[in-house]
Amino acid sequence: MPVSFSLSLEQVALKRGAREFAEANLRDLAEAVRAEPDPVRRAMLARPAFEKAVAAGFLKGLIPVPFGGAAGGGVDAAILIEEWAAHSPDFVISMAGPLIALAPVYEVGSSEQVARLVAPFLAASGAPVAAMAYSEPGGSANFDAPPPAEGTRTTAVHDGDHYVINGRKAWASHLPGWDGDGPDLMTIVCRAPGGVSLLVAEREQLAGHVEVEEYHDLPALRGCLTATVRLVDVRVPRTNLLGREGQGVQLCRNAFVGSGASIGIFAVAAMRRAFEVALRFATTEKRGGAVPIVGHQAVADVLADAKGRIEAVRLLSWRALDAALAGDPHGPEWALHAKVFGSETAVAVITDLVKVVGVSAYDTAFPLLRYLNEALAYPVIEGSNVGVRRRQLQALLRTPGYDPLAASGMA
């Protein structure tokens, strides 16, 4: 199959539709979110746009075709994410919960589990949300550590035909759901008698058993409903175990492959908007001189370098999402590079663009700090680069027989 970097007619239409939706619904939402001081109220502002996105088929477009959805390939996902994240990355993160929470269901779920657990997200109305309850308040970089380390602290004990789950979870968007009683579906990383496992709790099992300890007030991604919650005696049928007990570590890692790759695109969206601001400033502002500052070589060099790095991260992330969603055996490596290189490049690029603008950028009324704050989140969410992702890259490089050319197809 020939390699092409041109968008198909269908992808051009997807880009146009995603951009039109974002400009009609997400641009004003982002402004309203920034103006609202309360983290719960500002998260609720997204619900009308969420319902419009569901009605337009965008949520169904996140579900793979074999499971009843209409999801395209990785490049399609990258196009949608970039267009929406350019206006409201927090909205995209909130809506994309099923991408992670349902990934283990697709991988090992029985036909009955797939039909039951995916159904809420194939709806043509409403605002169904899902959460992958992975992170814990004490940190989860070592969630798979064996005793005597704590590892995953949330426990699931047998009680007849059920598990009873107790523990604390944090950071995943929509752990409390819209109303504090939990999302429509929560995939819970917990320690069962047979080891770290994944159990799915549905809305009716969570209601009344989710205690919100704290709503987090984030400096960026402010529209994400992010909280620390305590799960208290959540009773889940044994039929909601995904795979087998002790299989949770690998299932959890696999679930975060696609989300890791997507961080590269979130990084592109932040860089794209920051570059637009800096370029407009450089081509219109003289700052007391005779010509716009882009006429100075130092300024032009920073802008040129930034543009090159944006394009590099975009292409890398397209490749990573394509590999991740296609089940390419090299998908995890591509995803790790997109996550680490993409997120850290975004911080560096936007910091350089701040220098182009100068002290005016160091004002909350000027938009550059907004995009820098977004970029600062990307090295630490979806598995922090230092605590998780670089360790995974280290393990990959230490794999016996690792071929550095294999992922690129040049072996």
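Everything discussed here concerns the structure shown above.
Thresholds applied
Residues numbered from 1 in each chain as written. Predicted model: local features only at pLDDT ≥ 70, side-chain atom pairs only at ≥ 80, totals over all residues. Heavy atoms only, no water. Axes fitted to C-alpha atoms, helices over the stretch in contact; angles between N-to-C directions. Helix = DSSP H or I, 4+ residues; strand = E, 2+ residues; numbered from the N terminus. Parallel < 35°, antiparallel > 145°, perpendicular 65-115°, else oblique. Left-handed = near helix turned anticlockwise from the far one by under 90°. Contact = heavy atoms within 4.5 Å. Nonpolar A, V, L, I, M, F, W, Y, C, P; charged D, E, K, R; others polar. Core = buried A, V, L, I, M, F, W, Y, C linked by side-chain atoms within 4.5 Å. Buried < 20%, exposed > 50% of the residue type's maximum accessible area, 1.4 Å probe, protein only. 1 Å grid on protein atoms, 1.4 Å probe; cavity = no way out; pocket = protein on both sides within 12 Å on 5 of 7 lines; lining within 4 Å. Points joined across faces, edges and corners; volume = space filled by probe spheres on them. Polar contact = N/O pair within 3.5 Å; in protein donor to acceptor, adjacent residues only side chain to side chain. Phe/Tyr/Trp six-rings, centres within 6.5 Å; stacked < 30°, edge-to-face > 60°. Lys NZ or Arg CZ within 6 Å of the ring centre and 35° of its normal.

We now examine the packing of helix α4 (residues 74-85) against helix α10 (residues 248-284). Between α4 and α10, whose axes approach to 8 Å, the crossing angle comes to 40 degrees. It follows that α4 is oblique to α10 by the angle criterion. As α4 packs across α10, the resulting crossing turns out to be right-handed. When α4 is examined against α10, the residues A78, I81, E82, E83 and A85 are found in contact with a partner set consisting of S262, I265, F266, V268, A269 and R272. Split into classes, the residues belonging to the contact of α4 with α10 amount to 7 nonpolar, 1 polar and 3 charged.

This part is about the nonpolar core. W84, F91 and M95 are the most contacted members of the largest nonpolar core, which has 106 residues in total. The element best represented in this core is α10, accounting for 21 residues. Within the second largest apolar cluster, 21 residues are counted, among which are L175, I188, A192 and L199.

This part covers the packing of α10 against helix α12 (residues 331-357). Contact geometry for α10 and α12: axes closest at 8 Å, N-to-C directions at 20 degrees. Looking at the two axes, α10 sits roughly parallel to α12. As α10 packs across α12, the resulting crossing turns out to be left-handed. Looking at the contact of α10 with α12 residue by residue, the class counts come to 19 nonpolar, 6 polar and 1 charged.

A separate point is unusual backbone geometry. Residue P148 follows P147 across a cis peptide bond; omega there is 15 degrees. Topologically, P148 is positioned in the loop between β1 (130-133) and β2 (155-159). Phi at W171 is positive, roughly 80 degrees, even though this residue is not glycine. Counting through the fold element by element, W171 comes out in strand β3 (residues 162-173). Here E382, not a glycine, exhibits a phi torsion of approximately 55 degrees, which is positive. With respect to the helices and strands, E382 occurs in the loop between α13 (368-377) and α14 (385-397).

In this section: empty space enclosed by the protein. What the rule picks out here adds up to 2 cavities of 30 Å³ or more. Lining the largest cavity, in full, are L29, A30, V33, A46, S88, D90, F91 and G223. Within the residue set of the lining of the largest cavity, elements represented by two or more residues are α1 (9-35) and α5 (89-95). The dominant element in the lining of the largest cavity, judged by the number of residues it contributes, is α1, at 3 residues. Class assignment for the residues of the lining of the largest cavity results in 5 nonpolar, 2 polar and 1 charged. In this structure, the second largest cavity spans a volume of roughly 40 Å³. In this structure, the second largest cavity is lined by A43, A46, F50, S94, H174, W178, G223 and L225. In terms of residue class, the lining of the second largest cavity is built from 5 nonpolar, 3 polar and no charged.

What follows covers the side chain of S262. Tracing the chain through its elements places S262 in helix α10. The buried category is assigned to S262, whose relative accessible area is 10%. One polar contact links the side chain of S262 to the main-chain carbonyl oxygen of S259, over a distance of 2.6 Å. What S262 contacts, discounting residues up to four positions off in sequence, is I81 and L321.

Mapped onto the fold, H296 is located in the loop between α10 and α11 (297-326). The exposure class of H296 is partly exposed, given its relative accessible area of 44%. Placed 14 residues apart in sequence, H296 and A282 show a C-alpha to C-alpha distance of 9.5 Å.

A word on the packing of aromatic side chains. Enumeration over the complete set of coordinates arrives at 11 aromatic pairs. With a centroid separation of 5.3 Å and an interplanar angle of 55 degrees, the aromatic rings of Y134 and F256 are classed as tilted. Placement of the pair is Y134 in the loop between β1 and β2 and F256 in helix α10, with a sequence separation of 122 residues. With respect to class, Y134 is no different from F256; both count as buried. With a centroid separation of 5.9 Å and an interplanar angle of 45 degrees, the aromatic rings of F266 and Y378 are classed as tilted. Taken together, the residues F266 in helix α10 and Y378 in the loop between α13 and α14 connect sequence positions 112 residues apart. You can call F266 buried: its relative accessible area is 5%. The aromatic ring of Y163 is capped on one face by R238, whose charged end is 5.8 Å from the ring centroid.

Such coordinate-based values are descriptive only and should not be taken to indicate function.
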